[in-house]
Amino acid sequence: MSLLSVRNLRIYYSSSRGIVKAVDGVTFDIEREETLGIVGESGCGKSTLAMGLLDILPPSANISGEIILDGENILEKEKEYLRKIRHEKVALIFQDPMTRLDPLMKIKDHFLETFRSHKRDVKEEEALRIAGNLMNSVGLSPEVLDYYPHELSGGMRQRAMIALALVFNPQLLIADEPTTSLDVIVEAQILQLMNKIKKEFHMSIILITHNLGIVAEMADRVAVMYAGKIVEIGSLADIFTRPLHPYTRGLLGSVITLESRELVTMPGEPPDLINPPKGCRFAPRCPYAIEMCMNSEPSLQEAVKGHSVACFRALELMEERDILYRGDIAEKAD
Amino acid sequence: MAERKGSLRSYILSRIILAIPMLLIIITFVFFIMRVAPGDPVAAMLGPHAPLAYKEKLREELGLTLPLYQQYLNYLAQVFTLNLGSSLTTGDSVATDIFVYYFPATLELTIFSTIVALGVGIPLGKIAAVKRDKKADVVIRLFGIIIYALPIYWFGFMLQLLFGYYLGIFPTGGRLSPGITPPPHITGLYTIDSLLTGNISTFLDALWHLALPSITLGLILSGVFIRTIRVNMLNTLQSDYVQAARARGVDEKEVINRHAYRNALVPVVTIMGMEIALLFAGAVLTETTYSFKGMGYLLVWSIQNRDYTMVQGAVIVYSIIIILFSGIIDIINAYIDPRIRY
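Residues numbered from 1 in each chain as written. Chains lettered and ligands numbered in written order. Predicted model: local features only at pLDDT ≥ 70, side-chain atom pairs only at ≥ 80, totals over all residues. Heavy atoms only, no water.

1. Side note on empty space enclosed by the protein
Evaluated as defined, the whole model comprises four cavities of 30 Å³ or more. As a volume, the largest cavity reaches approximately 90 Å³. Tallied by class, residues from the lining of the largest cavity come to 13 nonpolar, one polar and one charged. Lining the second largest cavity, in full, are H87(A), L92(A), F94(A), M161(A), L164(A), A165(A), A244(B), A247(B) and R248(B). (1 Å grid on protein atoms, 1.4 Å probe; cavity = no way out; pocket = protein on both sides within 12 Å on 5 of 7 lines; lining within 4 Å. Points joined across faces, edges and corners; volume = space filled by probe spheres on them. Nonpolar A, V, L, I, M, F, W, Y, C, P; charged D, E, K, R; others polar.)

Here you go:
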């Protein structure tokens, strides 16, 4: 049984302009001790998905579908059960560690508060001892517990956030753009740390990012999101060497390498999530779109074992794999 | 730690140095405005029918016949020796009158008003923020806006009418009932002095007299706190650290009280510093309405009687108090918010 199975998850925000379909029918599984990378552009619903998995969405959001954790659909459970699940089974670390710690509280108070909320019977000294050990394992001195958040650098804060996430040894760590606000050297350190603790604590990780380099380094499997939907999901090798969806190809084509002579971008903009296109959401930007793509929506189907894609022409395009991916979208733009 | 204390000391020092030119300007303004304004202290003292020669003699005695600049320089010299002079009308020492009798009364009123303002404003603001756009929020917001817009004296009269006249629950004025002797002077605050000397019945009587004035001023000021707390809590409730706390499975009560509320208090303390001036201005109107003999009552009376020295003395004391309190608020703020260092 998978650790977490998400089935047909929909998260709609009600806004003054209409209903924003931020996450629209997302289905995926994550196995134990696996890292799943979720990639996509800004605004494709990645972060909403992360919040949704913990059900900590703002009141304007409406969530439906199934989130099955350890065989239980947590969306059917009462509030208190959900609250316990958060952090005990599923912990979340965020993009901007600068603003995620309460500026009026010392680091140790964040730990103590977390213990108070989940395990009342743990004594303060015991909690601080555990916190100190965790600080050691994320490469911080236990003395940092006595610091206020503003006294720490961005990298130290993210380490502290990770230590905090490990308090109850969660089975799943959701990392929402964990290194986006950090510089490259600190980024590498944090990623290394995440790989280390994943092994140490036997966790699964959902890594949400727009950075394909990070995914390549960290993930076992990759899901590609576009406009609130997963358009392709498969193993790291599948996605990077045999991408099937034209959007995935476009994403990979946009990566800058030393050989890039010019920046390759995808023409067009992601669609409005209030009034998404009727057919395939990528169709208006897709160089391979045919009439069918404009009228009906492809569902996520297994094309090859363990590699699913939501595209009518995926198999057809698989044949033409020799096409140089880089530039095949740029050509169309000319 | 040592470094922090040192910088705090230099901060306080710079506040004091900055206060001196500020006070000088205020003294100058009050001095000339009082003398430009129509009216004459001698006429006010002796009445319209006093003989002219007698008036002239008194005028000379009080130094009012000297050229204006000479009077101004004399007064400045006097103030710099920390002497506020004596009242033109009663001859009492201005400093004694203010510090022994009138200032403690105002201090007592402002303390109790602040308690009412915070006691009403903070919980209501908190409820309004948590119940955003629900019925409770709308009612509380409306209350906050209306109460803040009410003229103090009108509101005071209405409370006097209702609780003093019709219901007869509270006295309509004064600091103590007739026949009750004020407690021996220790701090000048009747409630504290009576408690210190163990006189419970005087304490209760003083409290009973403080009730309506404190509620009047406190409720009007609570409007500001309701709005500030509400707005700041709406911000902190949507902040990243609140969301992160929820993601950690922290109990919603703790999320609201520990994270959202405490962080919302930081700007509220700053606003309190700015409200000090409003509080004392409100105290003037409240004291007049309730014939509560504090600084405001003294100031109004002295202006009416053209008691130049008393008005000047009162304004100087007011200025010093406001400078002092806003400095104290700054220091409190530094203790609440670890990010602020002076």
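Okay, back to it.
2. Quick word on the environment of C286(A)
Looking at the secondary structure, you find C286(A) in the loop between α10 (246–253) and α11 (291–295). Spatially, the C-alpha atom of C286(A) lies 7.4 Å from that of Y247(A), the residues being 39 residues apart in sequence. (Helix = DSSP H or I, 4+ residues; strand = E, 2+ residues; numbered from the N terminus.)

3. Regarding the packing of aromatic side chains
All told, the structure shown has 13 aromatic pairs over all chains when counted by the stated rule. Between the aromatic rings of F163(B) and F170(B), the centroid separation amounts to 6.2 Å while the plane-to-plane angle is 65°, which identifies the pairing as edge-to-face. Through successive ring pairs, a cluster of aromatic residues spans F31(B), F32(B), Y72(B) and Y75(B). The ring of Y81(A) carries K77(A) above its face, with NZ or CZ at 4.9 Å from the centroid. One Lys or Arg, K126(B), reaches over the ring of Y261(B) and ends 4.1 Å from the middle of that ring. (Phe/Tyr/Trp six-rings, centres within 6.5 Å; stacked < 30°, edge-to-face > 60°. Lys NZ or Arg CZ within 6 Å of the ring centre and 35° of its normal.)

4. Topic: the domain arrangement of chain A
All names here are of chain A. Domain boundaries in chain A define domain 1 (4–219) and domain 2 (239–333). If you average the C-alpha positions of domain 1 and of domain 2, the two centres end up 30 Å apart. Contacts between the two partners involve 16 residues from domain 1 and, on the opposite side, 13 residues from domain 2. Of the roughly 1,100 Å² buried between domain 1 and domain 2 on both sides combined, carbon and sulfur atoms contribute 61%. Run the count over domain 1 and domain 2 and you get three salt bridges. (Domains from an automatic or database assignment. Contact = heavy atoms within 4.5 Å. Buried area = accessible area lost by both parts, 1.4 Å probe. Salt bridge = Lys/Arg side-chain N within 4 Å of Asp/Glu carboxyl O.)

5. As for the sheet that holds strand β3 (residues 35–39) of chain A
All names here are of chain A. Taken together, the eight strands give an open sheet; going across it, the order is β6-β7-β8-β3-β9-β10-β12-β11, and neighbouring strands pair in mixed fashion. The two strands at the open ends of the sheet, each matched to only one other strand, are β6 (90–93) and β11 (301–304). Going across the sheet, the axis of each strand differs from the next one's by a mean of 25°, ignoring polarity. Summarising the sheet, β6 and strand β7 (residues 172–176) pair through four bridges and their orientation is parallel. From the neighbouring strand, I93 faces β7, where its bridge partner is A175. Of the strands in this sheet, β3, β6, β7, β8 (204–209) and β9 (221–226) are in contact with helix α1 (residues 46–54), which crosses β7 at around 150°. (Pairing = 2+ DSSP bridges. Axes fitted to C-alpha atoms, helices over the stretch in contact; angles between N-to-C directions.)

6. What to know about the layout of surface pockets
Estimates place the volume of the largest pocket at around 1,200 Å³. Surrounding the largest pocket, 30 residues form its lining, L57(A), P58(A), P59(A), R246(B) and E252(B) being those nearest its centre. Where the lining of the largest pocket is concerned, the elements lending two or more residues are β4 (61–69) and α2 (79–88) of chain A together with α5 (94–130), α9 (200–237), α10 (240–247) and α11 (252–289) of chain B. Per element, the largest residue contribution to the lining of the largest pocket is five residues, and it comes from α2(A).

7. What to know about the pattern of salt bridges
Proximity of charged atoms lets side chains of opposite charge pair with each other. Within this structure, the stated rule accounts for 33 salt bridges over all chains. Between K108(A) and D146(A) there is a salt bridge, with the nearest N and O atoms lying 3.0 Å from each other. Here D146(A) lies in the loop between α5 (124–137) and α6 (154–165) and K108(A) lies in helix α4 (residues 107–118), a separation of 38 residues in the sequence. Note on K108(A): relative accessible area 23%, which makes it partly exposed. Taking the relative accessible area as the measure of exposure, D146(A) reaches 42% and is therefore partly exposed. What you see here is one network of salt bridges that share partners, running through E113(A), R116(A), R248(B), E254(B) and R258(B). (Buried < 20%, exposed > 50% of the residue type's maximum accessible area, 1.4 Å probe, protein only.)

8. A closer look at the sheet that holds strand β2 (residues 18–30) of chain A
Pairing in this open sheet of four strands is antiparallel, and the strands run β2-β1-β4-β5 (chain A) from one edge to the other. Looking at the sheet topology across the chains shown, the edges are occupied by β2 and β5 (72–73) of chain A.

9. Describing the side chain of T114(A)
Mapped onto the secondary structure, T114(A) falls in helix α4. If we skip the residues at most four places from it in the chain, T114(A) touches H87(A), L164(A), F168(A) and R248(B).

10. Thoughts on the nonpolar core
Residue and element names in this part refer to chain A. Counting 104 residues, the largest nonpolar core has F28, F111 and I206 as its most contacted members. For this core, the leading source of residues is helix α7 (residues 184–201), giving seven residues. Taken domain by domain, the makeup of this core includes at least three residues from each of domain 1 (4–219) and domain 2 (239–333). (Core = buried A, V, L, I, M, F, W, Y, C linked by side-chain atoms within 4.5 Å.)

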